[in-house]
Structures are given as structure tokens and as C-alpha cells.
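# Architecture at a glance
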Amino acid sequence: MDPLETKKGYQDYVDKKSPNSKILKNCFNAFWVGGLICTIGQVILNICKERGFDTQTSGTIVSILLIGISAFLTGLNLFNKIGKFAGAGSLIPITGFANSIVSPAMEYKSEGYVMGVGGKMFTVAGPVLVFGISASILVGIIFLIFNTQSVTLV
Amino acid sequence: MDINWANVFNISSLLKCFLVGGIICIIGQILIDKTKLTPARILVIFVTTGAVLGGLGIYKYLVDFAGAGATVPLTGFGYNLANGAIEAVKENGLVGAFTGGVKAAAGGIAAAIFFGYLAALISKPKMKKQ
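Residues numbered from 1 in each chain as written. Chains lettered and ligands numbered in written order. Predicted model: local features only at pLDDT ≥ 70, side-chain atom pairs only at ≥ 80, totals over all residues.

## Quick notes on the overall build of chain B
To keep it simple, the criterion reads: For helices the rule is a DSSP run of H or I covering at least 4 residues; for strands it is a run of E covering at least 2, with both sets numbered from the N terminus onward. Buried means a residue has 20 or more other C-beta atoms within 10 Å of its own C-beta, exposed means 12 or fewer, and partly exposed covers the counts in between; C-beta atoms are placed from the backbone. Note on contacts: residues are paired as contacts if their backbone-placed C-beta atoms lie within 7 Å.
What chain B contains, in helices and strands, is seven helices and zero strands. Of the regular secondary structure in chain B, the N- to C-terminal order runs α-α-α-α-α-α-α. Principal-axis analysis of the C-alpha atoms places the extent of chain B at approximately 60 × 40 × 40 Å. Relative to its full complement of 130 residues, chain B shows a buried share of 51%. By sequence separation, contacts in chain B at least 24 residues apart represent 58% of the contacts at least 6 residues apart.

See the structure below:
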């Protein structure tokens, strides 16, 4: 049978023919923007450590600052410009988490400040928190049962 | 207090951070381009992966190596949750599994909710293109 006649065959054909250069360019942009955001975090982290904060607190300060900055950049409609260019470079760092809260909240502002903004801000962040927190509880329980990190693979 | 700027701009630590952070984002970009996963699913996958790798004790090596390069991506958020749960279990047993994760990530979650709400309040409504 002609491979183009099945849906999957056609999809494979398109994948083969479509230029890989676009993906390479996307990956390159994601790499340097994502790396840069992490490096900004590292500079803040190093300043906090120099100021005498412990590692845990320093990490929290980094998160709070990056989240605050990207939340307001989203509110000013600047973040989606970075996002369009960088793709995963701005989505995967914690900045993407903040963006995922503000974007839907802005969109549903007309539905009111409680159910519109307050409710819709968790459209994407909700699942992230559900799965993240549930996974952490499971990890804690599994750790309690084995009571050792001998389950470590390395 | 004086800040030693040579420590702040330690080239080797910044370079390692840049490389690892960038590579984690490349993995995300490949997922976006090569699969039909929505951004929400990709974020969930990254956080959960970070929590699992954190629970297995693997992600810690990446954090020790790359610092913010491993903690700023969302995998680091998952790691932070899992690590907090483990530390709390060591201290308080079962209840720690429920309190530790959120406690460790409390700053980030609270900041995201607070700044997120504020930013949405002050945001300009998007112009509808006619």
C-alpha cells in the first residue's frame, strides 16, 4: 500500500521532509535563553550566599525573585515575546511556572476577580502542583518504608 | 557586609550552570517540537521527573554540579519538593512526608500565587486585533 495513504504513513513522510533546521534553531534559542535565566539565578544565589544565607534560603530567594520578575513581565505583555523566541528556554525555568499562572489569569480577567483571576490562575499551575506535591508525598512515604537512600541507583 | 564579587562571578560555576540549565531547556524544546504534548503536560512531566530523580538521590549530584542550572528549571522545583519531604521524614516520620515538600517549596509557591495575582491585576487587557 502507498505509505501516503495511511495517516501514520503520511505523518512519517511529512516528518521526513520537514526541515530539521527549524528544530535546531529552536533548540539553540532555548539553550542560550534557558542557560542565561539559570545563570542570572546563579548570580543571585551567589550574592545571597555571600550575604550569609544558607543554601536552602538562598534558593528560595532566587525562586521568589525570578517568579516575581517573570510574573510582572507577563503582566506587561513582554514575557510572551521572549517566550515566542525562546520556547522551552523561558518555559522550563521557574519563570515558565510564573508565566503559566499570570497568562490565564489575565485572559479571564473579564470573568471577575474571584473566579476569573483567582480561579483561572491555576489552569496550568494547578496540575503542576497536584503532580509535584503528590510525587513528593509518595517519595517521602517510600523513603520512610525503606528508611534509607539505598534505593539510590548510583 | 562586603560582597566578594569574585565569588559572585565565579566563571566556572556560572559556566556549569549555563550549560546544564541550557541542556535541560533543550530537552524541553525537543519535547515541544517532536511530540504533541501541551506546555502544561511538559511542565507536569518536568516537575514529576525532578521529584522522582530527587527521591532516587540522583538529582542531588546535578544540583551539586550545576547549582542554579539544576534548581531553576522546573525539575529543580520537583527535586526541592521531594528533598524537603525526605528531610522532614527523617525528623518527623510519616507526617513529614506531607509537610516537608510544601514547606521546602513554600517560598516559590506563595510568591507565584501572590505576584501572579498582583501581575494579573495590573496587566493591560490584550488588544483584540480587528
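From this point, the narrative continues.
## Some thoughts on the overall build of chain A
When helices and strands are counted, chain A shows eight helices and zero strands. Element order for chain A, N to C, with α for helix and β for strand: α-α-α-α-α-α-α-α. Burial statistics for chain A: of 154 residues in total, 44% are counted as buried.

## Considerations on the interface of chain A and chain B
Short version of the rule: All residues other than Ala, Val, Leu, Ile, Met, Phe, Trp, Tyr, Cys, Pro, Asp, Glu, Lys and Arg, Gly among them, are scored as polar; the first ten of these are nonpolar and the last four charged.
On the chain B side, the residues contacting the 72 residues of chain A number 73 residues. Sort the elements by how many residues they give to the side of chain A that touches chain B and helix α2 (residues 21-50) of chain A lands first, with 18 residues. Taken together, the residues of the side of chain A that touches chain B sort by class into 45 nonpolar, 24 polar and three charged.

## So, α2 of chain A
Just so we agree on the cut-off: Multiplying one less than the number of residues by 1.5 Å gives the expected span of a helix.
For α2 of chain A, with 30 residues, the first-to-last C-alpha span of 43 Å sits near the 44 Å given by 1.5 Å per residue. Downstream of α2 of chain A by one or two residues, G52 of chain A has phi in the positive range, about 100°.

## Concerning the environment of V102 of chain A
Mapped onto the elements of the fold, V102 of chain A is located in helix α6 (residues 94-107). The spatial distance from the C-alpha of V102 of chain A to the C-alpha of L73 of chain A is 9.6 Å, given a sequence separation of 29 residues. When residues no more than four places from it in sequence are discounted, the contact partners of V102 of chain A are A71, T74 and G75 of chain A together with G116, A119 and A120 of chain B.

## What to know about the packing of helix α3 (residues 39-55) of chain B against helix α6 (residues 74-92) of chain B
Residue and element names in this part refer to chain B. Defined as follows: Between N-to-C directions, angles span 0 to 180 degrees; the directions come from axes that are lines fitted to C-alpha atoms, helices contributing only their stretch in contact. An angle counts as roughly parallel when it lies under 35 degrees, as roughly antiparallel when it exceeds 145, as roughly perpendicular when it falls between 65 and 115, and as oblique in every other case. Should the near helix be turned counterclockwise from the far one by less than a right angle, the crossing is left-handed, whereas a clockwise turn marks it as right-handed.
With their axes 6 Å apart at the nearest point, α3 and α6 run at an angle of 45° to one another. The orientation of α3 with respect to α6, classified from their angle, is oblique. The hand of the α3/α6 crossing is right-handed. Residue-level contacts link L43, F46, V47, T48, T49, G50, A51, L53, G54 and G55 of α3 to L74, T75, G76, F77, G78, Y79, L81, A82 and N83 of α6. Among the residues making up the contact of α3 with α6, the classes are represented as ten nonpolar, nine polar and no charged.

## Structural notes on unusual backbone geometry
Residue and element names in this part refer to chain A. Positioned with a positive phi, N77 is a non-glycine residue whose angle comes to about 65°. Topologically, N77 is positioned in the loop between α3 (55-75) and α4 (79-86). Among the residues examined, N77 registers 14 C-beta atoms within 10 Å and is labelled partly exposed.

## A few points about the packing of α6 of chain B against helix α7 (residues 94-122) of chain B
Residues and elements named next belong to chain B. Between α6 and α7, the shortest axis-to-axis distance is 6 Å and the interhelical angle comes to 135°. In terms of their interaxial angle, α6 and α7 are classed as oblique. Seen along the crossing, α6 lies across α7 with a hand that is right-handed. For the pair formed by α6 and α7, the contact residues are F77, N80, L81, A82, N83, G84, A85, E87, A88, V89, E91 and N92 on the first element and V95, G96, A97, T99, G100, G101, K103, A104, A105 and G108 on the second. Among the residues making up the contact of α6 with α7, the classes are represented as ten nonpolar, nine polar and three charged.

## Quick word on the environment of F18 of chain B
On the secondary structure map, F18 of chain B appears in helix α2 (residues 11-34). Here the alpha-carbon distance between F18 of chain B and G107 of chain B, two residues 89 residues apart in the chain, equals 24 Å.

## Examining the nonpolar core
Using the following cut-off: Defined on buried residues, the nonpolar core groups Ala, Val, Leu, Ile, Met, Phe, Trp, Tyr and Cys residues joined through C-beta atoms within 7 Å.
Membership of the largest hydrophobic core comes to 75 residues, with the highest contact counts inside it found for I67, F97 and A98 of chain A together with L43 and A85 of chain B. Considering every element that reaches this core, the biggest residue donor is α2 of chain A, with ten residues. Dropping the residues within four chain positions of it, I67 of chain A is found in contact with I94, F97 and A98 of chain A together with G108, A111, A112 and F115 of chain B.

## Notes on α6 of chain A
Taking 1.5 Å per residue as the helical rise, α6 of chain A with its 14 residues ought to reach 20 Å, and the 21 Å between its terminal C-alpha atoms agrees with that figure. Burial analysis of α6 of chain A places 13 of its 14 residues in the buried class, the great majority of the element.

None of this, on its own, says anything about what the molecule does.
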